[in-house]
Amino acid sequence: MADLPPVPLTIEGSSLLHQMFRLRWSDWRRLSAPDRDEMVAEASGLLRQMEQGGREGSAVYSLLGHKGDLMLVHFRSDFQKLEQAQRCLRKLRLFDYLEATSSYLSMVELGLYESTQKTYSSLAGQGVEPFSPEWNQGIEDTLQRQREAMAPRLWPGIPGNPYLCFYPMDRRRGEGKNWYLESMTERSRMMTEHGMIGRRYAGEVRQIISGSIGFDNWEWGVDLFADDPLVFKKLIYEMRFDEVSAVYALFGEFFVGVRTPAADLGSFLRLE
Amino acid sequence: MADLPPVPLTIEGSSLLHQMFRLRWSDWRRLSAPDRDEMVAEASGLLRQMEQGGREGSAVYSLLGHKGDLMLVHFRSDFQKLEQAQRCLRKLRLFDYLEATSSYLSMVELGLYESTQKTYSSLAGQGVEPFSPEWNQGIEDTLQRQREAMAPRLWPGIPGNPYLCFYPMDRRRGEGKNWYLESMTERSRMMTEHGMIGRRYAGEVRQIISGSIGFDNWEWGVDLFADDPLVFKKLIYEMRFDEVSAVYALFGEFFVGVRTPAADLGSFLRLE
Amino acid sequence: MADLPPVPLTIEGSSLLHQMFRLRWSDWRRLSAPDRDEMVAEASGLLRQMEQGGREGSAVYSLLGHKGDLMLVHFRSDFQKLEQAQRCLRKLRLFDYLEATSSYLSMVELGLYESTQKTYSSLAGQGVEPFSPEWNQGIEDTLQRQREAMAPRLWPGIPGNPYLCFYPMDRRRGEGKNWYLESMTERSRMMTEHGMIGRRYAGEVRQIISGSIGFDNWEWGVDLFADDPLVFKKLIYEMRFDEVSAVYALFGEFFVGVRTPAADLGSFLRLE
Amino acid sequence: MADLPPVPLTIEGSSLLHQMFRLRWSDWRRLSAPDRDEMVAEASGLLRQMEQGGREGSAVYSLLGHKGDLMLVHFRSDFQKLEQAQRCLRKLRLFDYLEATSSYLSMVELGLYESTQKTYSSLAGQGVEPFSPEWNQGIEDTLQRQREAMAPRLWPGIPGNPYLCFYPMDRRRGEGKNWYLESMTERSRMMTEHGMIGRRYAGEVRQIISGSIGFDNWEWGVDLFADDPLVFKKLIYEMRFDEVSAVYALFGEFFVGVRTPAADLGSFLRLE
Amino acid sequence: MADLPPVPLTIEGSSLLHQMFRLRWSDWRRLSAPDRDEMVAEASGLLRQMEQGGREGSAVYSLLGHKGDLMLVHFRSDFQKLEQAQRCLRKLRLFDYLEATSSYLSMVELGLYESTQKTYSSLAGQGVEPFSPEWNQGIEDTLQRQREAMAPRLWPGIPGNPYLCFYPMDRRRGEGKNWYLESMTERSRMMTEHGMIGRRYAGEVRQIISGSIGFDNWEWGVDLFADDPLVFKKLIYEMRFDEVSAVYALFGEFFVGVRTPAADLGSFLRLE
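As the structure is a prediction and not an experimental result, all values here were calculated from the model.

Details of the relation of the copies chain D and chain B
- When chain D is fitted to chain B, the best match, at an RMSD of 0.0 Å, comes from turning it 72 degrees and sliding it 0.0 Å along the axis. In symmetry terms, the pair is related by a five-fold rotation axis.
- Residue by residue, only 5% of the interface of chain D is reproduced at the interface of chain B, so the copies engage with different surfaces.

Examining helix α7 (residues 184–200) of chain B
- For α7 of chain B, built from 17 residues, the straight-helix expectation of 24 Å at 1.5 Å per residue is met to within 8% by its first-to-last C-alpha distance of 25 Å.
- Among the residues of α7 of chain B, M184, R187, S188, M190, H194 and I197 of chain B are the ones counted as buried.

With respect to the relation of the copies chain C and chain A
- By a simple turn and slide, chain C fits onto chain A: the slide is 0.0 Å along the axis, the RMSD is 0.0 Å, and the turn is 72 degrees.
- Taken together, the interface assignments show that only 4% of the residues at the interface of chain C recur at the interface of chain A, consistent with different surfaces on the two copies.

With respect to the pairing of strand β9 (residues 255–259) of chain B
All names here are of chain B.
- With respect to burial, β9 is a largely interior element, 4 of its 5 residues being buried.
- Pairing of strand β2 (residues 58–63) with β9 involves 3 bridges; the strand directions are antiparallel. Counterpart to L63 in the pairing with β9 is G257.

Comments concerning the interface of chain D and chain B
- Every contact between the two is made by 42 residues of chain D and, on the other side, 45 residues of chain B.
- The tally of links from chain D across to chain B stands at 7 salt bridges.
- Across the salt bridge formed by E109 of chain D and K233 of chain B, the nearest N and O atoms sit 2.7 Å from each other.
- Elements with a contribution of two residues or more to the side of chain D that touches chain B: β1 (10–23), α3 (79–91) and β4 (98–111) of chain D.
- Among the elements that make up the side of chain D that touches chain B, the one with the highest residue count is α3 of chain D (8 residues).
- Partitioned by chemical class, the residues of the side of chain D that touches chain B number 17 nonpolar, 11 polar and 14 charged.

Concerning the packing of aromatic side chains
- A full pass over the atoms with the stated rule returns 80 aromatic pairs over all chains.
- On the basis of an interplanar angle of 75 degrees and a centroid distance of 6.4 Å, the ring pair of Y163 of chain D and F79 of chain E is categorised as edge-to-face. Of the two residues, Y163 of chain D sits in strand β5 (residues 163–171) while F79 of chain E sits in helix α3 (residues 79–91), which places them in two different chains. Both residues of the pair, Y163 of chain D and F79 of chain E, count as buried.

Quick word on the interface of chain C and chain A
- At the interface, 45 residues of chain C touch 42 residues of chain A.
- Buried area between chain C and chain A, both sides added, is near 3900 Å², and the carbon and sulfur share of it is 56%.
- Together, K233, Y237 and F241 of chain C form the three largest contributors to the area buried by chain C at its contact with chain A, with a combined 20%.
- Among the salt bridges present, the one from E12 of chain A reaches K234 of chain C, with a minimum N-O distance of 3.3 Å.
- Sorting the residues of the side of chain C that touches chain A by element identifies α1 (25–30), β2 (58–63), β5 (163–171), α8 (230–240), α9 (243–248), β8 (249–251), β9 (255–259) and α10 (265–269) of chain C as the ones contributing at least two each.
- Of the residues forming the side of chain C that touches chain A, the biggest block, 8 residues, is contributed by α8 of chain C.
- Each residue belonging to the side of chain C that touches chain A can be placed in one class, and the counts come to 21 nonpolar, 10 polar and 14 charged.

The rules behind the values
- Residues numbered from 1 in each chain as written.
- Chains lettered and ligands numbered in written order.
- Predicted model: local features only at pLDDT ≥ 70, side-chain atom pairs only at ≥ 80, totals over all residues.
- Heavy atoms only, no water.
- Least-squares fit on C-alpha atoms with pLDDT ≥ 70 in both.
- Contact = heavy atoms within 4.5 Å.
- Helix = DSSP H or I, 4+ residues; strand = E, 2+ residues; numbered from the N terminus.
- Expected span 1.5 Å × (residues − 1).
- Buried < 20%, exposed > 50% of the residue type's maximum accessible area, 1.4 Å probe, protein only.
- Pairing = 2+ DSSP bridges.
- Salt bridge = Lys/Arg side-chain N within 4 Å of Asp/Glu carboxyl O.
- Nonpolar A, V, L, I, M, F, W, Y, C, P; charged D, E, K, R; others polar.
- Phe/Tyr/Trp six-rings, centres within 6.5 Å; stacked < 30°, edge-to-face > 60°.
- Buried area = accessible area lost by both parts, 1.4 Å probe.

Below, the structure is given as structure tokens:
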């Protein structure tokens, strides 16, 4: 199988944008109470509408710590709609009091290690040349079947749990340990073991993986949604000991937020 | 024992938030003295109340150096209450003169290497399958016993010593040296040796370890409380030579502060 | 061939400047609508003219995320003209509301691994001493022929596709793996394999490579233009598994933008 | 000697704070000349007094380059007094025009490799158990003798030379080369060789080493005082070839300043 | 020769300060045209005078990209004069509209690998003990002869070419590859090969190397002056393949500027 492509098949769904903002509290306070009320009404009106978008929805989180005060998470069908969301938010008068501290652009992604191995083997068994039109058609058939079967996971609504943990990550490409030089078989084995840990937490945490190669500074983004934030620590600590994380995972910044319904924005922004 | 889980059991207690702030001294000075007095009164009122919260308390430190002027440390029962603390502080008029320079989010954590080994061995000796319901119950029993026995260390009040040293840290996951690939036995041995140094300083320094995997950018936060700051240097220098620190410890920024009771906030903020 | 120079021949074309800007939305909003209209008219007038410059043209992109709001890409015949472009933009009243967040300076570059090997071998076969006048002339003849043959790729107009992905990159010079210590033959082989992936995406993505050694902080800049941004991810992910990228590629920040014709600048900047 | 502690004895003296500031020149210029004169008088009054503090003194340096305009160096008997110095400076009206760009917190430290080896050997020779009360007393006796003998070096005044070079540094803890895993004998040998270079520059440069483990982001701070700044380059370049620096030294930012007596502050701040 | 010092002799000349500034264009525009004219006249008057300083001269460059708008390069006889230059510039009213973004402090340096080896060998051959007074005198004689012979290169005027490329660099001290552990013979051989590339570009680029160990964050600064900026790329790319650069060179930020005579400052700053 040495000549088969080393690239695992992936299928993609929703386009995701995470926006982290710091509020300029002192400027905000300088406004009159009626001005603030008006701006809150305008902003919570738009955000409530975005909240109700289902698979094209948005959600607001109050961040813990200094990395930002608010995190907005947008799920959309494509980048054009994310760009539209950016434009709509900028038109809010409240936006003048927000300062972008970070962001993350990605697409929901499902890696298909198992299907990849089956499809590559089957096509190779039929003597199909990699990257020939027949090969490409065979691959596309697999992808299309998977896209249909996985549609609910590719195009999810934003889970409603009170806590969100978001972080970006890479697979290591070190001089000694390099994920991209491991064989498909080895990578597949490690990803399966990794997935088994996740499965043990299935009832307690909802995980959405998005790919960001070519979109942002890390390779993947991870969103974890839970009712109890301790689960974030338990899950990620346990994973840190499995081979793919212990050896190959590199992590960016961690953001933890508390879900804040648009209807509660006024309370979040209240100064009295 | 090769097939037993590699993850040490941990028990968690209080949720911790460290907030570092720089004061905008020039804006502060521009206020009239009565305005400043009023803001100080409002802020020290709230902080005095937070100070008296016991296991749900807060403390104020005057930082040395440019990483911030003030550090607020909050111990709470959960993240929701930390988020509430953030909201309360933002409502202070003094808050308009504070600029967040850093922060850290974590939970008090006790690592149970010894209990882990005993429990895993005992369950394995009884032929219990890892992660089976019976196994999970056995683990939960151990955790519950430990949580009760360790409650005072899991839910501490903030020690009253005049000096605090706070820093975050990681265990190294290098290409050659990787903590998460060491065996449970080896890690347990190194942690025991590490703990013996700490014990020699028991009378001079109070140490609170908090876990932050999944919460913030490093894996652990360390708070050291002492009457004489030289002890911070002595203790950490001595530890730097033990195996677990010499080989596996990576450190973030160090913050050193002098405890400033809320009642002295006025004196700290006085410009005349 | 051990004594032949290790340096691959390159030919250069257009000078490129990427400028990333954040808009100061709150200051922008504070202007009266007629003032804003006037500034938009002035800016979109200049940008429309720059847009129509063909091989000396510019293009505007609306960025996704917080790395900037707008990216301006300038293709010019030399650095003097890039400096002139900078000066013209600064004179716009709109410029007062823009804050530079990043930039990249480079020159369109074509690496000639194949021609290099042929030319070096042929000159060496004729007994010509490297760096002798005769050698230099032989090299210059090759370069000149290539410059003429490749002129359309050296002096391109900015492709009109709606999506742009820009990122800078290096070839690794690690202690163990070092691109610059690989033999010409090995580098040439790896670059050929790398190029074959790109060719499979030829219909879907337009790639412009620019060299920036001596000009900016990374060695190369990469611009990818496509109608569907998913192609960025597919192409770069597939490339990450080929030897030259897996082992030797180091990446900087990724910027993704949506093409915004100068004529639509008013709509981009509209706040109502 | 394998079981003796690996930690070299150290003795500590003065507490040090380096403060780097940028002046907000445009705001400074906006003041009326009499206002500026008044602020200069107030500031140079306080600084002149601090300058005359001897072993509890301070000094002002005009920095070269953009890392700051002024560096204040404070030598005090403890951290409490450093915190007091911070408070006093903030009360200056001039302070409103200063922006902290960096700082460093440390304590004058003398490493006693030679005494350590002698003391450990002697105690071990008498059969004294490490960390027993008798051992601790033996160590404390050595430290106390050394503290008395070294008092002038532990509690120095700030040398009066016109040039100061300050930088922080670490000893490497790499995966292959790790200072903290070297034997006491090896470390002692390397430190002795290192010291011999310093001794050759004794007449030209005055060196004060301070420890900052547990206080700031690096392990040590180095202050070099000289009449000719070329000596900084000569000394550090020569040291870079000795084993302990070549292999184990990691350096932070370098700050170079020209001594500016408080009496000349007015001239430094003059704008006409 | 194992016992001879490993440090190559160097001779030093002019003190160099590079200052990078961003202009606050929006504040600048807010001034009345006559105010701006006055400030331009004042600034270009001072800069014209500095420009004419010969070996104690300064030059102004318009930077490409966002790392700054202007770069000022100062050549002076010592640090005191650089500090004076800083003071003079701060007094300009234009200075209020400049924000320092970077800087670099260094001294023109010539490394004397060949003379070092000859001198060390000759002194050793005469049985002179390293660092004895006789040895020191022998070294000083060599340095003095070289300083006289090299005076024009040690105390250069600023070349007048339209393009400048500036960057700082280090020699690697990695765990595996460490420049400072290479033998004098090997370092000398590599530097000679390195120099031969430079010589091939002698007619096209003027190179000034300055040492910054003990002065700034990198070990050396490199200034390249040329009529065609493509030469920067050609030269540095070719050098990247020679052993000393491929293995041991680490680079900081690159700054590229277009020479802007003081007389043209008005045109550079014009907004209409």
